[in-house]
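Here is what each chain is made of, one letter per residue.
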Amino acid sequence: MTGPTREATADLITLPGTPLADAVMELIRPVETPSVFNHSIRSYLFARLVAGRLGLAVGHDYHDDLLFAACAMHDLGVAPDGPHSQRFEIEGADRAAAFLVERGVPTADADQVWQAIALHTSPGIAERHGTLCVLVREGVALDFGGPLGADHMEAVTDEQADAVHAAYPRLDMIRSLTDAIVAQAAKNPKNAPRYAIPGEFLRERETFGRTRLEHACRSSRWGD
């Protein structure tokens, strides 16, 4: 089996390159670990493949800059420079929306990004809040390789996955991201409500030394 052409690979991993996307990159790169940063970018690349599989047209069904912003900033809530005063999904959504509004993005668009980030760990709810929420949720789920319940695993071929991972290596992402979520959750009881992802991650790490998601991801499509 032959791999994708150089042109196809370039198209697959090309980022928007707009002033807004560049500003988002400048925001997240210094404050996220390389592993979490790569996860955020892969989530966007995978989300874009899901959009293609669903027949969604950029510029008509979704705005590429908003999709990139939401995916790239979806874990901003675990960045070490944040206030860490509420669960990481909400903190990240607040930071992302404020960042966008400061750069002239309409409030309604910034609110779409807020919802997509705030709901990305809420299956069954995110899918009912519009295209952007669906694509962000699916892009993130795809990067976990299956345990989060991705509905569109077949949107990514093995060759495409290889190209994405070559450009943005995994770098032990599952452990790195879980470490960041648990560290953020441990700082304040408000960060770790029961039955929410950060609260359950914290309690599972304290009780078992490893989360159920970490265990499940060992047999996921990406094997980490």
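Please read all numbers here as calculations on a predicted model, not as lab measurements. Every chain's residues receive numbers from 1 upward, in the order its sequence appears when written. With pLDDT at 70 or above as the cut-off, local features in this predicted model cover only qualifying residues; side-chain atom pairs require 80 or more to be listed or tallied, and sums for whole chains, interfaces and linings still use all residues. Calculation of side-chain values draws on the structure's entire complement of heavy atoms; hydrogens and water are dropped beforehand.

Caption draft 1: Molecular detail of the overall build of the protein. Only DSSP runs of H or I reaching four residues or more are called helices, and only runs of E reaching two or more are called strands; each is numbered from the N terminus. Scanning the protein from terminus to terminus reveals eleven helices and zero strands. Its helices and strands taken in sequence order, the protein reads α-α-α-α-α-α-α-α-α-α-α from the N to the C terminus. Here the globule rule is a power law, 2.2 Å times the number of residues to the power 0.38, and the radius of gyration is based on C-alpha atoms. Compactness check: the protein gives a C-alpha radius of gyration of 17 Å against a globular reference of 17 Å for 224 residues, within 12% of the reference. Projected onto its principal axes, the C-alpha coordinates of the protein cover approximately 50 × 45 × 35 Å. For the protein, buried positions account for 52% of its 224 residues. Across the protein, 21 positive and 31 negative side-chain charges occur, with their mean positions spaced 7 Å apart. Any residue under 20% of the maximum accessible area for its type is buried, any over 50% is exposed, and the rest in between are partly exposed; the area is computed with a 1.4 Å probe on protein chains only. A residue counts as positive if it is Lys or Arg and as negative if it is Asp or Glu; His and the chain ends are not included. The atom standing in for a charge is NZ when the residue is Lys, CZ when it is Arg, CG when it is Asp and CD when it is Glu.

Caption draft 2: Inspection of unusual backbone geometry at higher detail. Located in the positive-phi region is His84, a residue other than glycine, with phi close to 55°. Mapped onto the fold, His84 is located in the loop between α4 (64–72) and α5 (88–102). In this structure, Leu171 is a non-glycine residue whose phi angle is positive, near 55°. Within the secondary structure layout, Leu171 lies in the loop between α8 (158–167) and α9 (173–185). The class of Leu171 is partly exposed, set by a relative accessible area of 45%.

Caption draft 3: Fine view of the packing of α4 against helix α7 (residues 131–143). A fitted line through C-alpha atoms serves as each axis, taken over the contacting stretch for helices, and the angle formed by two N-to-C directions is quoted from 0 to 180°. Between α4 and α7, the least distance of the axes is 10 Å, while the angle of their chain directions is 45°. On the basis of their axis angle, the class for α4 and α7 is oblique. In this structure, α4 crosses over α7, and the sense of that crossing is right-handed. Where α4 abuts α7, its residues Leu66, Leu67, Ala70 and Cys71 lie against Leu132, Leu135 and Val136. Working definition: roughly parallel below 35 degrees, roughly antiparallel above 145 degrees, roughly perpendicular at 65 to 115 degrees, and oblique for all remaining angles. Left-handed describes a crossing whose near helix is turned anticlockwise from the far helix by less than a right angle; the clockwise case is right-handed. Note on contacts: a residue pair is in contact if any heavy atoms of the two residues lie within 4.5 Å.

Caption draft 4: Expanded view of the layout of surface pockets. Think of a 1 Å grid over just the protein atoms. A cavity is a set of points where a 1.4 Å probe fits yet cannot get out, a pocket is an open set with protein on both sides within 12 Å along at least five of seven lines, and lining residues have an atom within 4 Å of a point. Grid points are joined across faces, edges and corners, and a volume is the space filled by probe spheres set on the points. Quantified by volume, the largest pocket comes out at close to 200 Å³. Thr121, Phe144, Leu148, Ile197 and Leu213 are the residues nearest the centre of the largest pocket, which is lined by 17 residues in total. Contributions of two or more residues to the lining of the largest pocket are made by α7, α9 and α10 (197–208). In the lining of the largest pocket, the residues fall into eleven nonpolar, four polar and two charged. Throughout this entry, Asp, Glu, Lys and Arg are counted as charged residues, while Ala, Val, Leu, Ile, Met, Phe, Trp, Tyr, Cys and Pro are counted as nonpolar. The remaining residues, Gly among them, count as polar.

Caption draft 5: Just the environment of Arg203, in detail. Following the sequence through the fold, Arg203 ends up in helix α10. Take Arg203: its relative accessible area is 25%, and that puts it in the partly exposed class. When the C-alpha positions of Arg203 and Asp22 are compared, they lie 37 Å apart, and in sequence the two are 181 residues distant. Those residues within four positions of Arg203 in sequence are excluded, and the remaining contacts are Ala192, Pro193 and Arg194.

Caption draft 6: Local environment of α9. End to end, α9 covers 18 Å across 13 residues, agreeing with the expected 18 Å (1.5 Å per residue, within 8%). In terms of burial, α9 is a largely internal element, ten of the 13 residues being buried. Among all positions of α9, only Met173, Ile174, Ser176, Leu177, Thr178, Ala180, Ile181, Val182, Gln184 and Ala185 are buried. Looking at the buried side of α9, the elements it contacts are α3 (34–53), α5, α7, α10 and α11 (212–217). Here the expected length of a helix is defined as 1.5 Å per residue gap, with one fewer gap than residues.

Caption draft 7: Molecular detail of the nonpolar core. As used in this record, nonpolar core signifies buried Ala, Val, Leu, Ile, Met, Phe, Trp, Tyr and Cys residues forming a set joined through side-chain atoms within 4.5 Å. Core analysis: the largest hydrophobic core is formed by 74 residues, its most contacted members being Ile41, Leu67, Phe68, Met73 and Leu100. Broken down by element, this core gets its largest block of residues, ten residues, from α3. Not counting chain neighbours up to four residues away, the residues in contact with Ile41 comprise Leu15, Met25, Phe68, Ala72 and Tyr168.

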